[in-house]
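# Reading the structure
Below, each chain spelled out in residue letters.
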Amino acid sequence: MLKQYLLAGAAVLAVSSAAWAQETDLNLETISVVGLRPEPVDDVTSSVSVLTADDLTIRRSPNVADQLRAVPGVGISRSGGVGALSQVRLRGAEANHTLVLLDGIEVSDPVNGETDFGLLTGIGATRIEVLRGEASSIYGSDAIGGVVSLSTEAAEGVQVFGEVGTQDTARASATFSGQTGALRFGAGLSGFTTGGVDVAGLGGEADGSDAFSGIARAALDLNADWTLSGLTIARRSKAALDSDTDYDGLLDNTDQETEADQYLIGASLAGVTGQVDHVFRASFNEVARENTKDGAKTDESTGERLKASWSPSITFGNHELIGLVDYEKEDYDRTDVAYGGQSDASESFESLGLAAEYRVALGAFDLSASGRFDDNDGRFDDAATWRVGAGYGFDAVNGRAKASVGTGVKNPTFTELFGFFTGSFIGNPELKPEQSTSWEIGWDQQVGPAVLSATYFQADLEDEIYTAFDVNYNSTALNRAGKSKRSGVELSGRWDATSALSFAGQATFLQSEGNDGGDEIRVPDSTASLSVDWRSDADGIRVGAALDFVGEQDDFDFGSYPSRRLTLDAYTLFSASLEFPLTERMVLTLRGENLFDETATDVYGYEAPGAAAFIGLKLR
């Protein structure tokens, strides 16, 4: 325990004394996730972090959730090994309050309203943008905590990578991209497999996982003013799991699996007519899940999301006005075998959103404002959300102040409304949407080759949806009567010590309080990370290392009634990576995870992997 706190303290000290980045790195040019159009990083008025391809190489983790440990305000809850259910919380909000985009398409499961980052294992992200704070005024429901935007677009040419390691783990990927005339195109394949660990921790059979994906994209310049783009993604994943069959609050060794297939198709048409810039988008997302026990199917569900939008924009001087008309339809189908069809359901949602965003840059002063109205077709109350942000640069000290305030909304999910599991859960169709209000104030400071950022935030959540249990372990979803409150401080930065050596990191201190006055579960009171990256030259030897600290967090032992609150220990993960060129194009890679062999428990009762090592080859 002492070692963990010393490491966290060292990271915090480094934040305050050297410098950190990701927050406002001046080399990042524009940020896409912050609004209806990309925005110059110097004009951004919200809290946003960017992980570039170089940043992702330091940890070289196949799982996006592990990469996000480098971002302030992010909490990870993984139920087992790599590829298992992995939830991402931003600023202490719930996992289904994090909106996730994959190459611009929303990828959350329409059934449960959240993104299982375990399903994204091996996806091959090349850039990650994270927007923290209310974003419903741009994206609508689901963006109370913020937005994670993943890009898989690879560099031009052919790239191949393969790796094997402990726990019978292997992964491989191949990408190709190029251009001929007005046509740009690319494609990629990736695969990941691991034998895993016994999630129950009883010495039984290991619970492994597999994930495979294929991506194809193209963009055609129709003329000097218009471009047509298309993207398709297909993914299949399978994960073994254990469950609590005797309801004592601890997992038992069981033969269960979840298989998920996901298909994403998206297209956009962007161009100009007169003074108006247009972006038309359409996308389709389907997630189909099948659960089995002892080799027999127990149930299956399919969620579909269809979206279509038109976003016009006009710029006059330093002012920009952007509009949005956004249609969305979600469908939910569930069938079961285990309960003889008692939990079968088929439901649909439709909504129409109208939004507007205004930006102005007046020298050192930047202002942004956005508002959105969602017509929920009578399923829920219609929602109106808004956000206002401002920034001011102080050139004399190379610093910039920024502040914002806004509201967010999260509609109940299909499962919360209509879910039915005999003797376990009954949905509640009378649920109200969750509503949130938050504000933040921050300062960005440049000191030579270093950038520092500090932000204080506060958020209040009303009508929080939670799962209520009775003495017979039956449960349902209800809205809480009071408010849940979250507040915290985020520190981040980067120091480019030399052209070859850089340091980066973050520290977050978070208070989260439910309406009963107790801490929210699975929300660490502090997180911190520290990374170092060194390379001999642009194509030479490269060494990276990272420390990721997660502080104590509460959870519940649901094996007793009423459930018993307990505290999960803090832990520190140490990872390291090496790239050693064998030829001009062939590179040897070495990587280690959890090299301290820490017990890293994010969810009570779930065993996590220990130390692991991997060796691979990369063709660049």
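In the block above lies the structure referred to throughout.
Given the structure is predicted, the values throughout are model-derived calculations rather than measurements.

For the rest of this paragraph, the subject is the overall build of the protein. The helix and strand inventory of the protein stands at five helices and 37 strands. A compact globule built from 620 residues should have a C-alpha radius of gyration of about 25 Å, and the protein, at 24 Å, falls within 12% of that. In terms of overall dimensions, the protein has C-alpha extents of about 65 × 60 × 50 Å along its principal axes. For the protein, with 620 residues in total, the buried portion stands at 52%. A sequence separation of at least 24 residues applies to 61% of the contacts in the protein between residues at least 6 apart.

On the secondary structure map, Gly 178 appears in strand E11 (residues 169-180). Since its relative accessible area comes to 13%, Gly 178 is described here as buried. Sequence separation between Gly 178 and Ala 154 is 24 residues, and the spatial gap between their C-alpha atoms is 10.0 Å. Residues contacting Gly 178, with those up to four places away along its chain left out, are Glu 156, Leu 183, Arg 184 and Phe 185.

To continue, consider the pattern of salt bridges. Two side chains that carry opposite charge are able to pair once their charged atoms sit near each other. Taken as a whole and assessed by the stated rule, the structure comprises 47 salt bridges. Residue Glu 440 pairs with Arg 91 through a salt bridge whose shortest N-O separation is 2.8 Å. You can see Glu 440 sitting in strand E25 (residues 434-447) and its partner Arg 91 sitting in the loop between strand E5 (86-90) and strand E6 (98-102), a full 349 residues away along the chain. Exposure remark for Glu 440: the relative accessible area of 6% places this residue in the buried category. Classification of Arg 91 by relative accessible area gives buried; the value is 5%. Residues Lys 307 and Glu 328 are paired through a salt bridge, measuring 3.6 Å at the closest nitrogen-oxygen approach. Of the two residues, Lys 307 is situated in strand E17 (residues 296-316) and Glu 328 in strand E18 (residues 319-336); the sequence distance between them amounts to 21 residues.

Turning our eyes to something else, we now look at the sheet that holds strand E23 (residues 420-421). The strand order across the open sheet formed by four strands is E23-E24-E28-E27, and the pairing between neighbours is mixed. A strand with exactly one partner marks an edge of an open sheet, and here the two such strands are E23 and strand E27 (465-469). Bridge count for E23 against strand E24 (residues 425-426) is two bridges, and the pairing is antiparallel. Residue Phe 421 lies in a different strand from E24, and its bridge partner there is Phe 425.

What follows concerns the pairing of strand E3 (residues 47-51). Of all five residues that make up E3, five are buried, and the element is covered over most of its length. Alternating positions in E3 separate into two faces, Ser 47, Ser 49 and Leu 51 on one and Val 48 and Val 50 on the other, with burial throughout. As defined by bridge partners, E3 adjoins strand E8 (residues 127-132) across five bridges and the pair is classed as antiparallel. By the bridge assignment for E8, Ser 49 is matched with Val 130.

Moving on: a nonpolar patch on the surface. Nonpolar side chains collect at one region of the surface, where Trp 386, Val 388, Val 405, Trp 439, Ile 441, Tyr 456, Val 489 and Phe 509 lie side by side and expose about 650 Å² of accessible area between them. Where the nonpolar patch is concerned, the elements lending two or more residues are strand E21 (383-394) and E25. With respect to the element layout, Phe 509 can be found in strand E30 (residues 501-513). According to the relative accessible area criterion, Phe 509 is partly exposed, its value standing at 37%.

In this structure, Leu 68, Val 88, Phe 117, Ile 128, Val 148 and Leu 150 are the most contacted members of the largest nonpolar core, which totals 26 residues. Among the secondary structure elements, those contributing two or more residues to this core are helix H3 (64-67), strand E4 (74-78), E5, E6, E8, strand E9 (146-151) and strand E14 (227-243). In contact with Ile 128, not counting residues within four places along its chain, are Ser 49, Val 50, Leu 51, Leu 56, Val 64, Gln 67, Leu 68, Val 148, Ser 149 and Leu 150.

If you walk across this open sheet you meet the five strands as E3-E8-E9-E6-E7, and the pairing is mixed. Among the strands making up the open sheet, the edge pair consists of E3 and strand E7 (105-106).

Going residue by residue along strand E20 (residues 365-375), you find Asp 366, Ser 368, Ser 370, Arg 372 and Asp 374 tucked away on one face and Phe 365, Leu 367, Ala 369, Gly 371, Phe 373 and Asp 375 left uncovered on the opposite face. Note that strand E19 (residues 345-362) and E20 share 11 bridges and pair antiparallel. What sits directly across from Val 360, in E20, is Leu 367. Where E19 hands over to E20, the hairpin turn is made up of two residues, of which Gly 363 adopts a positive phi near 65 degrees.

Attention now moves to the packing of aromatic side chains. Describing an aromatic ring pair means giving the distance of the ring centres and the angle of the ring planes. For the coordinates displayed, the defined rule picks out 10 aromatic pairs. Judged by centre distance (6.2 Å) and plane angle (15 degrees), the ring pair of Phe 280 and Trp 310 falls under stacked. Separated by 30 residues along the polypeptide, Phe 280 in strand E16 (residues 276-293) and Trp 310 in strand E17 bring together distant segments of the chain. An angle of 55 degrees between the planes, with centres 5.5 Å apart, marks the rings of Trp 439 and Tyr 456 as tilted. With Trp 439 in strand E25 and Tyr 456 in strand E26 (residues 450-462), this residue pair connects regions lying 17 residues apart in the sequence. Its relative accessible area of 37% is what places Trp 439 among the partly exposed residues. By the ring-pair criterion, three or more aromatic residues cluster together here, those being Tyr 332, Phe 349, Phe 380 and Phe 414. The lysine or arginine in question, Arg 480, covers the ring of Tyr 466, its NZ or CZ lying 4.0 Å from the ring centre. Between Arg 591 and the ring centre of Phe 614, over which it is positioned, the NZ or CZ distance is 4.1 Å.

So, on to the side chain of Thr 527. Among the structural elements, Thr 527 can be located in strand E31 (residues 526-535). Thr 527 sits in the buried class, given a relative accessible area of 10%. Setting aside residues up to four positions removed in sequence, Thr 527 forms contacts with Val 74, Gln 506, Ala 507, Thr 508, Phe 549 and Val 550.

Conventions adopted
Residues numbered from 1 in each chain as written. Predicted model: local features only at pLDDT ≥ 70, side-chain atom pairs only at ≥ 80, totals over all residues. Heavy atoms only, no water. Helix = DSSP H or I, 4+ residues; strand = E, 2+ residues; numbered from the N terminus. Rg over C-alpha atoms; globule rule 2.2 N^0.38 Å. Buried < 20%, exposed > 50% of the residue type's maximum accessible area, 1.4 Å probe, protein only. Contact = heavy atoms within 4.5 Å. Salt bridge = Lys/Arg side-chain N within 4 Å of Asp/Glu carboxyl O. Pairing = 2+ DSSP bridges. Patch = residues over 30% accessible without salt bridge, like charges linked within 9 Å, V, L, I, M, F, W, Y side chains within 5 Å. Areas by Shrake-Rupley, 256 points an atom, 1.4 Å probe, with all protein chains shown as cover. Core = buried A, V, L, I, M, F, W, Y, C linked by side-chain atoms within 4.5 Å. Phe/Tyr/Trp six-rings, centres within 6.5 Å; stacked < 30°, edge-to-face > 60°. Lys NZ or Arg CZ within 6 Å of the ring centre and 35° of its normal.

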